[in-house]
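Now for the letters of each chain:
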Amino acid sequence: MAQALVEGGAKGAATMGGARPSPGVFEQLSAVADAVLYEGYLLYPYRRSSTKNRVRWQFGVLFPRDWVEADGPVSPGVSGSADSWYQQTECLLRIRQPDGARVRVRVRYLQMQRKQVEEAGRPVESLHGADGTVQLTFDEALPRECEVEVPLDELLRGGRAVAVGAAAGEDVEPLPDGTGRVVRSREEIRAETTLTAERLSEDLCRIRVRTANTAPAPRPGTARDEALRRALIATHTLVGGDGLEFVSLIDPPAELQAPVRACRNEFTFPVLGGEAGNTGPVLLSAPIILPDHPQVAPESPGDLHDAAEIDEILTLRTMLLTDEEKREARATDPRAAAILDRVDTMPQEVFERLHGAVRSLTPATPTASPDPFPATVTPTASADPFPATVTPTASADPFPSTVTPTASADPFPATATPTAPADRPAWWHEGADDGLSPATDTVLVDGVRLGGGSRVRLRPRGRGADAQDMFLAGRTAEVAAVFHDVDGSVHLAVTLDDDPAAELNHWYGRFHYFRPDELEPLEPAGSPDEPSAPAPAAALARHTSDSETPAAEAE
């Protein structure tokens, strides 16, 4: 029998000592959790009439099972961009206080709310008030969260099931001068979260948190927009506790790699919150793949609901909306109105901070290491959450253009990061990139020259690799270009062999980027001086990141 939970449960219980999250640790992670909750909620230009705002709710959506499986069972995967009826998190925890270990779980999601404008009792799409304001019929959403705290021993004995739904409701708002009214209605959300645990050793457990939509399915053939009224949207889970700590699934301790691989995460993926390290007091399990210890940039003054874009670009675009466009955006949704207010009143000094921040030049000291890849060094501890990965040799120039690797017996170290010639000017000077040609440059990896057209197997490094790159381990790809970074490092742009959109991505110039030591040549070693065939020129016509949106898609 499920135990009902109160929405908006307790936030931060009293500290009991040991490996416990500090009071409010969930709240310390709330900025990232809120960004997940509202990702894609409403996209620039924040107008109802915009095509991109007519297809919404793309992450962590849990529908009634019979509806979502009408055409067959769902296919589990870690990505929450696929519609499902459940979400499952599995992770490892170490027990630090066996007698008092407790697990705290907070489930968060959005409940869809239909905003219907009425005039004289009739539904209408829009209504102009006597005071000049505009009301638009549109779908909104309300945040919901439920929290439970359970002794770990209870979970090991069999677990607990809790209801995490939300009640139906209706709110009526009369408009000024009796011109009409706005009716906001919500259907009931029925859902259940099941918590269980399995002991793997004396001080190690695997915990499972599974949230499922238990509502009856709408009638067959119901459109997705209508089925969303009974769905949990942007579902994600925060997990903490007393007397325990969680293990990173991205960068686990060596002795725990096998049990980490046995964890099954479906339509969500858990990452560590809190301070840096491969263990921590809190997890965020989100339908959007994140790195461990995710953070919202301190320069960002507020959520723009599109983390794939750059705050400065979106802010500038929003500033340039016409007065008519801004009126429509304000009438579309209160969150859109809040974005416009923030942009229109943004102080100059806040806007200037959006232009960028340099974090990669934090001083770091190399340490002796048997690492066969000498071009990478270990930085010293730093309060900067984005520490440098390479350290230039001592120089009077604070931004030297070369990086000197440590000595190595291997004549072809895997990193093979070429250094700029001694007479090459610093990167900020004119002519610094003379002689560099991404389409024809090569880099030596395991005795093989890799350049445009070379075929490789992807081997993301275990520690510090991008979370999304790790899911590409073992895949084969073709090198499109070799790029030299301003810090002296090298990255190779590749396209996946089995990507159905590879040709289109090549044309756009959208690549995955890997260091030389993360690639395994698929061609035999030849003459070190023999260059590889250059990549097609069209591939390099535009050098963009995976998150960049073409200008044609801006509207």
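Here's what I pulled together on the structure shown here. (Residues numbered from 1 in each chain as written. Predicted model: local features only at pLDDT ≥ 70, side-chain atom pairs only at ≥ 80, totals over all residues. Heavy atoms only, no water.)

### Regarding empty space enclosed by the protein
Alright, step 1. Taken as a whole and judged by the stated rule, the model has 2 cavities of 30 Å³ or more.
Alright, step 2. Leu 37, Tyr 38, Glu 39, Gly 40, Tyr 41, Trp 57, Gln 58, Phe 59, Leu 110, Ile 233 and Ala 234 together form the lining of the largest cavity.
Alright, step 3. A class-by-class count of the residues in the lining of the largest cavity yields 8 nonpolar, 2 polar and 1 charged.
Alright, step 4. Pro 301, Gly 302, Leu 304, Asp 311, Thr 315, Arg 342, Val 343, Met 346 and Leu 354 are the residues that line the second largest cavity.
Alright, step 5. For the lining of the second largest cavity, the secondary-structure elements that each account for two or more residues are α7 (311-319) and α9 (334-344).
Alright, step 6. For the lining of the second largest cavity, a count of residues per class yields 5 nonpolar, 2 polar and 2 charged. (1 Å grid on protein atoms, 1.4 Å probe; cavity = no way out; pocket = protein on both sides within 12 Å on 5 of 7 lines; lining within 4 Å. Points joined across faces, edges and corners; volume = space filled by probe spheres on them. Nonpolar A, V, L, I, M, F, W, Y, C, P; charged D, E, K, R; others polar. Helix = DSSP H or I, 4+ residues; strand = E, 2+ residues; numbered from the N terminus.)

### Here's the deal with the pairing of strand β10 (residues 181-186)
Regular strands have side chains that alternate between both faces of the sheet.
Alright, step 1. Counted residue by residue, β10 has 5 buried out of 6 residues, so it is predominantly covered.
Alright, step 2. Bridge count for strand β3 (residues 102-119) against β10 is 5 bridges, and the pairing is antiparallel. Pairing of Arg 114 across the sheet is with Ser 185, part of β10.
Alright, step 3. Here strand β9 (residues 169-174) runs beside β10; their pairing, made up of 6 bridges, is antiparallel. Opposite Glu 170, over in β10, you have Ser 185 as the bridge partner.
Alright, step 4. Counted along the chain from β9 to the antiparallel partner β10, the turn is 6 residues long, and its residue Asp 177 has a positive phi close to 65 degrees. (Buried < 20%, exposed > 50% of the residue type's maximum accessible area, 1.4 Å probe, protein only. Pairing = 2+ DSSP bridges.)

### As for the side chain of Ser 84
Alright, step 1. The residue Ser 84 is located in the loop between α3 (65-68) and β2 (86-95) in this model.
Alright, step 2. Of note is the side chain of Ser 84, whose polar atom sits 3.0 Å from the backbone oxygen of Tyr 86.
Alright, step 3. Once you skip the residues sitting within four places of it in the chain, Ser 84 turns out to touch Val 61, Leu 62, Phe 63, Val 68, Val 74 and Phe 267. (Polar contact = N/O pair within 3.5 Å; in protein donor to acceptor, adjacent residues only side chain to side chain. Contact = heavy atoms within 4.5 Å.)

### A few points about the packing of aromatic side chains
Alright, step 1. This structure, assessed with the given rule, holds 10 aromatic pairs.
Alright, step 2. Centre to centre, the rings of Tyr 38 and Tyr 41 are 5.4 Å apart; their planes meet at 80 degrees, and the pair counts as edge-to-face.
Alright, step 3. By relative accessible area, Tyr 38 is classed as buried at 7%.
Alright, step 4. Taken together, Tyr 38, Tyr 41 and Trp 57 form an aromatic cluster joined through their ring pairs.
Alright, step 5. In this structure, Arg 56 is placed above the aromatic ring of Tyr 41, and the distance from its NZ or CZ to the ring centre is 5.1 Å. (Phe/Tyr/Trp six-rings, centres within 6.5 Å; stacked < 30°, edge-to-face > 60°. Lys NZ or Arg CZ within 6 Å of the ring centre and 35° of its normal.)

### Quick notes on the side chain of Glu 90
Alright, step 1. With respect to the helices, strands and loops of the structure, Glu 90 is situated in strand β2.
Alright, step 2. Within the structure, the side chain of Glu 90 is placed 2.8 Å from the backbone nitrogen of Arg 264, a separation counted as a polar contact.
Alright, step 3. Aside from chain neighbours lying at most four places away, what touches Glu 90 is Arg 206, Ile 207, Arg 208, Leu 249, Ala 262, Cys 263, Arg 264, Asn 265 and Pro 270.

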